[in-house]
Amino acid sequence: MADPVDKPLYGAADTNDGMSGESETSSAKYLKDHLEQIVVDTSETSSAPGRLKLHEKKVAPRPE
Amino acid sequence: MSQVELVRERWIFDHIAPDVRSITLEYTVRNRGPDELFQIFLPLNAFLANLQVLDENGRELNYLPNREVERALQEVKKEKPAAYERAVASTPHPQYRISIVLPKDAPLGPGEMRTLRLVHTDGEKPRYLFLRALTLPSYHIAHVRRVGQPYGIHVAVNAPPDTQLEVELDDETVRSREHYHATPPQDIDYHFNAYLPPPGDEPYVWRANYHMGPTLMEELILTGWLFLAAIGGVWVFAAAFVGGASGMGPKEMLAIAGGLSATSAGLLLGLRNAWASRYLKLLLPVFAVAAVAWLRWFVLGG
């Protein structure tokens, strides 16, 4: 695909696709049209206050 | 199929104080497709409070408002259910996601790399260790690695320089893997680093608890003084009002009460560290008891 920016892409400028009768920002349209191309496979890492019950209490020596 | 390859992920926990931290979730991505990209869609594991998105030059980036993302995803779900399943529904927490809008003059071109920093804070108040005289907040980091993710993850915890960082790890399933690294306990001062390698064919779990505060010696001295001042304060108070100083004269009792109250007052006025708030609340009544006892012994003619 050559250039997806055929409408204002940034900010909240509303455009109307003329079919649904509802306004839609071009940014949201870009997301809809390119979701599979732009999704990132992120890790399942999380952090929060409080302690977890760990399997072990101390850091075991690392293998040489 | 996604055009965006995640090259590296970094989690950086910067503590301004033991219970105040700024979390930087950093993604380095590469465009491996033929088209320029104008947005990056990131599934997240949780709501990120006070979020600010920056690129590698510190330039603040916009992200789409929730209502627009929600609406776009609902349309994808209706029109292309398979794409929705792959990109959203199959992620661990599909309700959390963000679509970052790249600057107009800097889309992600084919082959280009970009670092995106999601700087945020905790969305909930700190939790403190039980049965400690000091206010020591604790945190955990949990990491589950799925098969098929080819990138490594860096974790860094930076404690304030006047504190001691303590980290407990649960890294059994990753410890023997090539390139795995975690700062050995004896080398942890106020920095901790870990590198979690790609999982290969075996998924793994890595978890850590950490907290920070004064050094062990400082904590022992302060806690010891609290107990000593509490016992001594009750004793001089009881002796002043009930009797039973067992051989001590008024001058000796006045000196003991004066020492207890003066030292406690010094700590109350001098300790300004964030980890001391619980300690000061415990020490205040101890000081009050010793001070009242001192006044009583003073009046009695010490």
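Residues numbered from 1 in each chain as written. Chains lettered and ligands numbered in written order. Predicted model: local features only at pLDDT ≥ 70, side-chain atom pairs only at ≥ 80, totals over all residues. Heavy atoms only, no water.

Peer 1: Honestly, the nonpolar core in this entry has me stumped. Any pointers?
Peer 2: In a soluble, globular protein the nonpolar side chains are often hidden away together inside. In this structure, F41, L42, L118, L165, F192, W206 and Y210 of chain B are the most contacted members of the largest nonpolar core, which totals 61 residues. No other element matches strand β14 (residues 204-213) of chain B, which puts five residues into this core. (Core = buried A, V, L, I, M, F, W, Y, C linked by side-chain atoms within 4.5 Å. Buried < 20%, exposed > 50% of the residue type's maximum accessible area, 1.4 Å probe, protein only. Helix = DSSP H or I, 4+ residues; strand = E, 2+ residues; numbered from the N terminus.)

Peer 1: Would you take a moment to explain the packing of helix α4 (residues 250-270) of chain B against helix α5 (residues 277-299) of chain B for this structure?
Peer 2: Packed helices, taken two at a time, are described by the angle their axes make and the gap between the axes. Residue and element names in this part refer to chain B. One can describe the packing of α4 onto α5 by two numbers: an axis separation of 8 Å at closest approach and a directional angle of 150°. Considered as vectors, α4 and α5 are oriented roughly antiparallel to each other. α4 and α5 meet at a crossing whose hand is left-handed. Between α4, through P250, M253, L254, A257, G258, L260, S261, S264, A265, L267 and L268, and α5, the contact on the second element is made entirely by Y279, L280, L283, L284, F287, A290, A291, A293, W294, W297 and F298. For the contact of α4 with α5, the residue count by class is 19 nonpolar, three polar and no charged. (Axes fitted to C-alpha atoms, helices over the stretch in contact; angles between N-to-C directions. Parallel < 35°, antiparallel > 145°, perpendicular 65-115°, else oblique. Left-handed = near helix turned anticlockwise from the far one by under 90°. Contact = heavy atoms within 4.5 Å. Nonpolar A, V, L, I, M, F, W, Y, C, P; charged D, E, K, R; others polar.)

Peer 1: How should the interface of chain B and chain A be read in this particular structure?
Peer 2: Size of an interface: often given as the accessible area lost when the parts come together. At the interface, 75 residues of chain B touch 45 residues of chain A. Taking both sides of the interface into account, the surface hidden between chain B and chain A amounts to around 5,500 Å²; carbon and sulfur atoms contribute 53%. For the chain B face of the interface with chain A, the top three residues by lost area are F38, H140 and R175 of chain B, together amounting to 11%. At the junction of chain B and chain A, the tally comes to six salt bridges. The salt bridge involving E44 of chain A is made with R146 of chain B; its shortest N-O contact spans 2.7 Å. Applying the counting rule to chain B against chain A returns 33 residue pairs in polar contact (both at pLDDT 80 or more). (Buried area = accessible area lost by both parts, 1.4 Å probe. Salt bridge = Lys/Arg side-chain N within 4 Å of Asp/Glu carboxyl O. Polar contact = N/O pair within 3.5 Å; in protein donor to acceptor, adjacent residues only side chain to side chain.)

Peer 1: Sorry, what's going on with the sheet that holds strand β5 (residues 60-63) of chain B here?
Peer 2: Neighbouring strands of a sheet are bound in pairs by backbone hydrogen bonds; such pairs are parallel or else antiparallel. The strand order across the open sheet built from ten strands is β3-β6-β5-β4-β7-β2-β1-β10-β13-β12 (chain B), with neighbouring strands paired in mixed fashion. The strands lining the two open edges of the sheet, one partner per strand, are β3 (39-43) and β12 (181-182) of chain B. In the sheet, strand β4 (residues 49-55) of chain B pairs with β5 of chain B via two bridges, with the strands oriented antiparallel. Bridge pairing in β5 of chain B places V53 of chain B opposite L61 of chain B. Strands in contact with helix α1 (residues 26-38) of chain A are β1 (4-17), β3 and β6 (97-101) of chain B; relative to β3 of chain B, the strand with the most contacts, it is inclined by about 65°. (Pairing = 2+ DSSP bridges.)

Peer 1: Please clarify how unusual backbone geometry should be interpreted in this entry.
Peer 2: Most peptide bonds take the trans configuration, and most residues that are not glycine carry a negative phi. Residues and elements named next belong to chain B. Here the phi dihedral of N50 falls at roughly 55°; this positive angle occurs in a residue that is not glycine. Residue classification places N50 among the exposed positions, given a relative accessible area of 60%. Phi angles above zero are rare outside glycine, and H179 is one such case at about 75°. Relative to the helices and strands, H179 is located in the loop between β11 (164-170) and β12. The exposure class assigned to H179 is exposed, which follows from its relative accessible area of 59%.

Peer 1: Can you help me understand the confidence of the model for chain A in this one?
Peer 2: Atom-level detail of predicted coordinates should not be read off regions where pLDDT is low. All names here are of chain A. Overall, the predicted model of chain A reaches an average pLDDT of 64, with 47% of residues at or above 70. Within chain A, the lowest mean pLDDT, 36, falls on strand β1 (residues 14-16), and the highest, 91, falls on strand β3 (residues 44-49). This stretch, residues 1-23, has a pLDDT under 50; its non-local contacts, to residues over four places away or in other chains, come to 39 contacts. Low confidence marks residues 57-64, where pLDDT is under 50. Its contacts with residues over four positions away, or in another chain, come to 13 contacts. (pLDDT = per-residue confidence, 0-100.)

Peer 1: So what exactly am I meant to see when it comes to the pairing of β5 of chain B here?
Peer 2: It is a general feature of regular strands that their side chains alternate between the two faces of the sheet. Residues and elements named next belong to chain B. Counted between consecutive antiparallel strands, the loop separating β4 from β5 contains four residues, among which G58 sits at a positive phi close to 80°. Two strands pair when backbone bridges link them, and β5 and β6 are joined in this way by two bridges, in the antiparallel orientation. Bridging across to β6, N62 finds its partner in V101.

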